[in-house]
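Structural characterization, general
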Amino acid sequence: MKTELPSYLANAKPRTESERTPWYVSIAPTYAGVFLWFVFWQDIVNSDAVGGAMAHGFLLPLISLIAIAGISYFMFYLVPAVWGMKTGYGLTVVGSPIFGRTGGIVMPGLLMGLLQFGWLAVNIYFASKLICAVVPIPLWAMIVIEGALATFIGLKGIKYVAKISTYLPIIPLVILAILLFSTVGGIADFNESIFVGEKKATPFSAVESVVCYVAGFFATAGAAGADFGSNARNISDVRRGGFFGIFLAMVLTAGASILIIAGAYGNPEIAKTMAGAGFPLNATEVMNYVMGSKIGGIMMMLLAISAFPSACFASVIAADSFKNSMPNINATLSVSLGGAVATILALTGIAGKAAAVFAFIGSSFGPIVGAMCAEYLLQKGDWKPAGENFNKSGWLAWALGFAVGVAPNFNINVPFSPVCAWMVGFIVYFVCEKISRRKI
């Protein structure tokens with residue numbers, strides 16, 4: 001008896017060769033725009049500990065950043081992107097063998113859509129905070145306005161989002177350059193001994209905070225490499241786009257933030273003022289001490305404006321995921337409800353705990369990419385359509401990986417949890433599939 005394919009697979013059409021574009025106009029600039037988002041780089045060294053990741057100097061977080069940037073490229077991006085390039089399909093189809101034809105409706109396509117509202121919540125929360133620090137408007141009102149606009153424009157489609165996002169990513173790039181130029185003279189004089197307090201980070205926890213922050217942030221973007229890869233002409237496009245758009249962009253943006261904070265604390269006058277304010281490590285907060293409140297306020301407004309397209313993109317991705325996974329359900333209704341949930345998360349302040357949100361999102365997608373990498377190894381690089389409706393190996397790999405990844409949220413210590421979530425997904429899927437295929 002012939003099994004009928006779910007609509008998301010039956011209606012899937014691979015991207016043709018004529019539709020594909022070079023890496024420097026698709027993969028690289030898209031990813032670079034993600035890392036120029038101020039929410040990524042502003043808290044790269046921030047944590048609950050005094051001095052955060054800077055407690056033992058700025059070289060340790062820089063080295064940690066370079067290491068996790070390489071891991072992000074090789075472990076989280078490369079396989080989804082290569083499969084997207086080879087097949088011409090996006091993540092929903094490429095990931096379907098991991099969870100099965102029917103299971104693939106939920107994982108990874110629908111999950112990707114749902115998690116976008118977490119990104120939307122984080123975006124509108126931090127952007128609204130920057131605006132309200134300059135403009136006398138209640139935070140709750142700004143959050144509601146931001147959430148409603150981002151959802152509405154996102155629902156209108158990618159072409160409308162593109163109209164407002166072509167040049168805005170240049171803003172954070174220019175601001176980072178100005179801040180780096182203004183603080184570079186203090187970098188050599190930075191001394192971590194300025195951070196005095198009982199709760200000071202250990203060298204291990206300093207490394208871990210950077211790794212977990214970046215891996216949690218990047219996991220979903222890495223999986224989305226399948227969609228970006230489907231737009232690539234060849235393997236060279238995948239590699240170059242990933243190197244410049246992910247590895248290099250990640251190191252340059254977050255690395256600049258680390259050096260800016262080091263340079264600010266290397267300036268005796270600025271350092272004394274910031275010490276009296278409780279040693280801030282948030283780069284946008286440090287920006288006010290470096291540039292002054294007036295210029296700093298202008299920069300805050302510009303960063304908030306430049307972040308708006310990212311919020312709209314989250315709505316676009318959510319809408320596309322819902323349309324692909326649940327074509328019979330009205331996307332306008334589902335995305336509007338998701339936008340409302342994102343707004344509530346921002347209003348309650350939950351979205352303000354960026355590191356925890358990133359860890360949760362990274363733990364959700366880390367095991368999926370890990371399982372995809374295991375399937376890639378088992379298939380020796382080839383991609384084969386889902387052969388069964390429900391693949392138990394994929395679901396078990398995801399469940400165990402997710403449990404490991406979110407354990408720190410429940411005060412269970414798992415070091416480098418987003419990376420461990422990837423490893424558990426890889427190992428469990430590989431072992432289960434090895435056993436399953438031997439029985440066939």
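None of these values were measured; they are calculated from a predicted model. (Residues numbered from 1 in each chain as written. Predicted model: local features only at pLDDT ≥ 70, side-chain atom pairs only at ≥ 80, totals over all residues. Heavy atoms only, no water.)

1. Details of the overall build of the protein chain
- Assigned secondary structure in the protein chain consists of 20 helices and zero strands.
- On C-alpha atoms alone, the protein chain measures out to a radius of gyration of 22 Å, which is about the 22 Å that the 2.2 N^0.38 rule sets for 440 residues.
- Overall size of the protein chain, expressed as C-alpha extent along the three principal axes, is 75 × 45 × 40 Å.
- Buried residues in the protein chain amount to 55% of all 440 residues.
- Here the contacts in the protein chain between residues at least 6 apart in sequence split such that 86% fall between residues at least 24 apart. (Helix = DSSP H or I, 4+ residues; strand = E, 2+ residues; numbered from the N terminus. Rg over C-alpha atoms; globule rule 2.2 N^0.38 Å. Buried < 20%, exposed > 50% of the residue type's maximum accessible area, 1.4 Å probe, protein only. Contact = heavy atoms within 4.5 Å.)

2. Things to note about the packing of helix α14 (residues 268-276) against helix α15 (residues 283-291)
- At a closest axis distance of 10 Å, the pairing of α14 and α15 adopts a crossing angle of 135°. Taken as axis vectors, α14 and α15 run oblique relative to one another. Where α14 crosses over α15, the handedness of that crossing is right-handed. Across the interface between the two elements, Ile270, Thr273 and Met274 of α14 pack against Val286, Tyr289 and Val290 of α15. (Axes fitted to C-alpha atoms, helices over the stretch in contact; angles between N-to-C directions. Parallel < 35°, antiparallel > 145°, perpendicular 65-115°, else oblique. Left-handed = near helix turned anticlockwise from the far one by under 90°.)

3. Digging into the confidence of the model for the protein chain
- Averaged over all residues, the pLDDT of the protein chain equals 88, while 94% of them reach at least 70.
- Taking the mean pLDDT of every element in the protein chain, the minimum, 54, falls on helix α9 (residues 158-165) and the maximum, 97, on helix α4 (residues 59-87). (pLDDT = per-residue confidence, 0-100.)

4. Topic: the packing of α4 against helix α13 (residues 235-265)
- Between α4 and α13, the shortest axis-to-axis distance is 9 Å and the interhelical angle comes to 155°. By the angle class used here, α4 and α13 are roughly antiparallel. Our pair here, α4 against α13, has a crossing hand that is right-handed.
- Taken together, the residues of the contact of α4 with α13 sort by class into 21 nonpolar, five polar and one charged. (Nonpolar A, V, L, I, M, F, W, Y, C, P; charged D, E, K, R; others polar.)

5. Section: the pattern of salt bridges
- In total, this model carries one salt bridge according to the counting rule given.
- A salt bridge links Arg233 to Asp237, with the shortest nitrogen-to-oxygen separation between them at 2.7 Å. (Salt bridge = Lys/Arg side-chain N within 4 Å of Asp/Glu carboxyl O.)

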